[in-house]
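# Understanding the architecture of this molecule
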Amino acid sequence: FLSAKSQTEDRIQGFQIGCDDYITKPFSMEELRLKIEVFLKRDKVNELNAEQINIANAGAYILDMQNFILKIGEEQKKLTQREAMLIDLFFQNHNNLIKREELLLKIWGDDSYFNGRSLDVFVSRIRKYLSKDASLSIENVRSIGFRLNVGVEL
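The following paragraphs examine the structure supplied in this document. (Residues numbered from 1 in each chain as written. Predicted model: local features only at pLDDT ≥ 70, side-chain atom pairs only at ≥ 80, totals over all residues. Heavy atoms only, no water.)

## A short note on the packing of aromatic side chains
Each pair of aromatic rings is reported with the distance of its centres and the angle of its planes. This structure, assessed with the given rule, holds four aromatic pairs. Pairing Phe1 with Tyr22 gives two aromatic rings, centres 5.9 Å apart and planes at 35 degrees, and the pair type is tilted. Taken together, the residues span a long stretch of sequence, with Phe1 in the segment before strand 1 (2-3) and Tyr22 in the loop between helix 1 (8-16) and strand 2 (23-24) at a distance of 21 residues. Here Tyr22 falls in the buried class, since its relative accessible area comes to 6%. Arranged with centres 5.2 Å apart and planes meeting at 85 degrees, the rings of Trp108 and Phe122 form a pair that is edge-to-face. (Phe/Tyr/Trp six-rings, centres within 6.5 Å; stacked < 30°, edge-to-face > 60°. Helix = DSSP H or I, 4+ residues; strand = E, 2+ residues; numbered from the N terminus. Buried < 20%, exposed > 50% of the residue type's maximum accessible area, 1.4 Å probe, protein only.)

Structure, rendered in C-alpha coordinates:
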(Lines give C-alpha, C1' and ligand atoms only; values in the text may rest on other atoms or scores of the structure.)
Protein backbone atom coordinates (compact mmCIF):
# COMPACT_ATOMS: atom_id res chain seq x y z
CA PHE A 1 0.00 0.00 0.00
CA LEU A 2 1.03 3.56 -0.65
CA SER A 3 -1.08 5.79 1.59
CA ALA A 4 -1.20 9.11 3.37
CA LYS A 5 -2.71 7.31 6.36
CA SER A 6 0.13 6.70 8.77
CA GLN A 7 -1.57 5.69 12.01
CA THR A 8 -0.87 2.24 13.39
CA GLU A 9 -4.54 1.21 13.02
CA ASP A 10 -4.46 2.06 9.29
CA ARG A 11 -1.29 0.04 8.75
CA ILE A 12 -2.72 -2.93 10.68
CA GLN A 13 -5.94 -2.80 8.65
CA GLY A 14 -3.88 -2.75 5.42
CA PHE A 15 -1.98 -5.87 6.45
CA GLN A 16 -5.19 -7.60 7.58
CA ILE A 17 -6.73 -7.16 4.14
CA GLY A 18 -3.70 -8.58 2.39
CA CYS A 19 -1.02 -6.01 1.68
CA ASP A 20 2.60 -7.17 1.53
CA ASP A 21 4.04 -3.80 2.47
CA TYR A 22 2.78 -0.38 3.59
CA ILE A 23 4.51 2.87 2.64
CA THR A 24 3.24 6.20 3.90
CA LYS A 25 3.46 9.57 2.20
CA PRO A 26 5.74 11.38 1.91
CA PHE A 27 8.10 8.61 0.81
CA SER A 28 11.53 8.32 -0.70
CA MET A 29 11.73 7.23 -4.34
CA GLU A 30 14.87 5.27 -3.42
CA GLU A 31 12.97 3.37 -0.69
CA LEU A 32 10.16 2.59 -3.14
CA ARG A 33 12.64 1.38 -5.78
CA LEU A 34 14.42 -0.88 -3.26
CA LYS A 35 11.15 -2.36 -2.02
CA ILE A 36 10.07 -3.10 -5.61
CA GLU A 37 13.41 -4.85 -6.22
CA VAL A 38 12.86 -7.01 -3.12
CA PHE A 39 9.44 -8.09 -4.39
CA LEU A 40 10.81 -8.86 -7.86
CA LYS A 41 13.60 -11.01 -6.35
CA ARG A 42 11.06 -12.82 -4.18
CA ASP A 43 8.92 -13.49 -7.26
CA LYS A 44 11.91 -15.02 -9.10
CA VAL A 45 12.66 -17.30 -6.14
CA ASN A 46 9.03 -18.42 -6.10
CA GLU A 47 9.21 -19.18 -9.85
CA LEU A 48 12.34 -21.30 -9.35
CA ASN A 49 10.72 -23.16 -6.46
CA ALA A 50 7.62 -23.84 -8.58
CA GLU A 51 9.83 -25.26 -11.34
CA GLN A 52 11.64 -27.50 -8.86
CA ILE A 53 8.32 -28.85 -7.59
CA ASN A 54 7.53 -30.05 -11.12
CA ILE A 55 10.82 -31.96 -11.40
CA ALA A 56 11.44 -35.46 -10.02
CA ASN A 57 14.37 -37.73 -10.53
CA ALA A 58 15.63 -41.25 -9.93
CA GLY A 59 18.93 -42.69 -11.04
CA ALA A 60 20.04 -40.93 -14.22
CA TYR A 61 16.48 -39.96 -15.17
CA ILE A 62 14.78 -36.59 -14.72
CA LEU A 63 11.01 -36.25 -15.02
CA ASP A 64 9.59 -32.89 -16.07
CA MET A 65 5.98 -33.15 -14.85
CA GLN A 66 4.95 -29.81 -16.28
CA ASN A 67 5.78 -30.90 -19.84
CA PHE A 68 5.45 -34.71 -19.41
CA ILE A 69 9.02 -35.35 -20.54
CA LEU A 70 11.38 -38.05 -19.26
CA LYS A 71 15.06 -37.19 -19.75
CA ILE A 72 18.25 -39.19 -19.54
CA GLY A 73 21.35 -37.32 -20.64
CA GLU A 74 20.50 -35.56 -23.90
CA GLU A 75 17.65 -37.97 -24.72
CA GLN A 76 14.03 -37.00 -24.11
CA LYS A 77 10.88 -39.10 -24.20
CA LYS A 78 7.47 -37.41 -24.47
CA LEU A 79 5.02 -39.12 -22.11
CA THR A 80 1.27 -39.32 -21.78
CA GLN A 81 -0.21 -37.75 -18.68
CA ARG A 82 -0.82 -41.15 -17.07
CA GLU A 83 2.70 -42.34 -17.86
CA ALA A 84 4.12 -39.18 -16.28
CA MET A 85 1.88 -39.52 -13.22
CA LEU A 86 2.89 -43.16 -12.74
CA ILE A 87 6.61 -42.43 -13.14
CA ASP A 88 6.25 -39.49 -10.74
CA LEU A 89 4.67 -41.74 -8.10
CA PHE A 90 7.48 -44.27 -8.55
CA PHE A 91 10.17 -41.57 -8.36
CA GLN A 92 8.61 -39.94 -5.28
CA ASN A 93 8.31 -43.31 -3.51
CA HIS A 94 11.42 -45.09 -4.78
CA ASN A 95 12.49 -48.18 -2.84
CA ASN A 96 9.04 -48.26 -1.20
CA LEU A 97 6.17 -50.57 -2.04
CA ILE A 98 3.17 -48.84 -3.62
CA LYS A 99 -0.07 -50.80 -3.52
CA ARG A 100 -1.89 -51.47 -6.79
CA GLU A 101 -5.07 -49.97 -5.38
CA GLU A 102 -3.27 -46.73 -4.50
CA LEU A 103 -1.81 -46.42 -8.02
CA LEU A 104 -5.17 -47.18 -9.63
CA LEU A 105 -7.10 -44.73 -7.48
CA LYS A 106 -4.58 -41.90 -7.87
CA ILE A 107 -4.12 -42.29 -11.64
CA TRP A 108 -7.27 -43.94 -13.03
CA GLY A 109 -9.76 -42.90 -10.36
CA ASP A 110 -10.95 -46.42 -9.57
CA ASP A 111 -9.46 -49.87 -9.08
CA SER A 112 -11.57 -51.93 -11.48
CA TYR A 113 -10.26 -55.10 -13.16
CA PHE A 114 -9.86 -53.40 -16.55
CA ASN A 115 -7.92 -50.49 -15.08
CA GLY A 116 -5.72 -53.04 -13.32
CA ARG A 117 -4.85 -54.60 -16.68
CA SER A 118 -4.15 -51.13 -18.04
CA LEU A 119 -1.81 -50.49 -15.10
CA ASP A 120 0.14 -53.65 -15.96
CA VAL A 121 0.58 -52.45 -19.55
CA PHE A 122 1.74 -49.02 -18.35
CA VAL A 123 4.25 -50.57 -15.92
CA SER A 124 5.62 -52.74 -18.74
CA ARG A 125 6.01 -49.68 -20.95
CA ILE A 126 7.69 -47.70 -18.15
CA ARG A 127 10.15 -50.54 -17.54
CA LYS A 128 11.25 -50.08 -21.16
CA TYR A 129 11.54 -46.31 -20.73
CA LEU A 130 13.77 -46.77 -17.66
CA SER A 131 15.89 -49.57 -19.15
CA LYS A 132 18.89 -47.33 -19.96
CA ASP A 133 19.81 -47.02 -16.27
CA ALA A 134 20.79 -50.41 -14.82
CA SER A 135 20.44 -49.05 -11.27
CA LEU A 136 16.63 -48.80 -11.72
CA SER A 137 14.16 -51.65 -11.76
CA ILE A 138 10.43 -51.94 -11.15
CA GLU A 139 9.67 -54.92 -8.98
CA ASN A 140 6.24 -56.56 -9.07
CA VAL A 141 5.23 -57.68 -5.58
CA ARG A 142 2.64 -60.29 -6.47
CA SER A 143 -0.95 -59.38 -5.58
CA ILE A 144 0.20 -56.32 -3.62
CA GLY A 145 1.84 -53.72 -5.82
CA PHE A 146 5.08 -52.38 -7.27
CA ARG A 147 8.37 -50.99 -6.04
CA LEU A 148 10.84 -48.86 -7.98
CA ASN A 149 14.22 -50.09 -6.79
CA VAL A 150 16.89 -47.43 -7.13
CA GLY A 151 20.48 -48.56 -6.74
CA VAL A 152 19.38 -51.92 -5.32
CA GLU A 153 20.34 -55.16 -7.02
CA LEU A 154 17.80 -57.94 -6.77
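## Regarding the packing of helix 3 (residues 81-92) against helix 5 (residues 113-129)
Each pair of packed helices gets described by two things: the angle between the helix axes and the distance between those axes. Interaxial distance between helix 3 and helix 5 falls to 10 Å at its minimum, and their mutual angle equals 75 degrees. As the angle between them shows, helix 3 and helix 5 are arranged roughly perpendicular. For the pair helix 3 and helix 5, the contacting residues are Arg82, Glu83, Leu86, Ile87 and Phe90 in the first and Leu119, Phe122, Val123, Arg125, Ile126 and Tyr129 in the second. Taken together, the residues that form the contact of helix 3 with helix 5 break down as eight nonpolar, no polar and three charged. (Axes fitted to C-alpha atoms, helices over the stretch in contact; angles between N-to-C directions. Parallel < 35°, antiparallel > 145°, perpendicular 65-115°, else oblique. Contact = heavy atoms within 4.5 Å. Nonpolar A, V, L, I, M, F, W, Y, C, P; charged D, E, K, R; others polar.)

## Considerations on the environment of Tyr113
Within the secondary structure layout, Tyr113 lies in helix 5. Of the residues examined, Tyr113 reaches a relative accessible area of 55% and is grouped as exposed. Considered as a pair, Tyr113 and Lys78 are 35 residues apart in the sequence and their alpha carbons are 27 Å apart.

## Brief notes about the pattern of salt bridges
With the rule as written, the count across this model stands at 10 salt bridges. Measuring nitrogen to oxygen at the nearest pair gives 4.0 Å for the salt bridge that ties Glu31 to Lys35. Separated by four residues within a single helix, Glu31 and Lys35 lie in helix 2 (residues 29-53), roughly one turn from each other. For the salt bridge of Lys106 with Glu102, the shortest nitrogen-to-oxygen distance reads 3.1 Å. Taken together, the positions of Lys106 and Glu102, both in helix 4 (residues 100-107) and four residues apart, correspond to about one turn of that helix. The exposure class of Glu102 is partly exposed, given its relative accessible area of 31%. (Salt bridge = Lys/Arg side-chain N within 4 Å of Asp/Glu carboxyl O.)

## Topic: the sheet that holds strand 9 (residues 145-150)
Taken in spatial order, the three strands line up as 7-9-8 in an open sheet, and their pairing is antiparallel. Only two strands of the sheet have a single neighbouring strand rather than two, namely strand 7 (97-99) and strand 8 (136-141). Adjacent strand axes in the sheet meet at a mean angle of 25 degrees, parallel and antiparallel pairs treated alike. Of the strand pairs in this sheet, strand 7 and strand 9 are connected by three bridges, and their pairing is antiparallel. (Pairing = 2+ DSSP bridges.)

## A closer look at the sheet that holds strand 6 (residues 75-78)
If you walk across this open sheet you meet the four strands as 3-4-5-6, and the pairing is antiparallel. The open sheet is flanked by strand 3 (55-58) and strand 6, the only strands paired with a single partner. The sheet shows a mean angle of 20 degrees between the axes of neighbouring strands, taken without regard to direction. As defined by bridge partners, strand 3 adjoins strand 4 (residues 61-64) across four bridges and the pair is classed as antiparallel. Residue pairing across strands places Ala56 opposite Leu63, the latter belonging to strand 4.

## Details of the nonpolar core
Leu63, Leu70, Leu86, Phe90, Phe91, Leu130 and Leu148 are the most contacted members of the largest nonpolar core, which has 30 residues in total. If you list the elements that add at least two residues to this core, you get strand 3, strand 4, strand 5 (69-72), helix 3, helix 4, helix 5, strand 8 and strand 9. Looking at this core, the element that brings in the most residues is helix 3, giving six residues. Look past the residues within four positions of Leu86 in its chain and what remains in contact with it is Leu103, Ile107, Leu119, Phe122, Val123 and Ile126. (Core = buried A, V, L, I, M, F, W, Y, C linked by side-chain atoms within 4.5 Å.)

As far as function goes, none of this settles anything; it's purely spatial.
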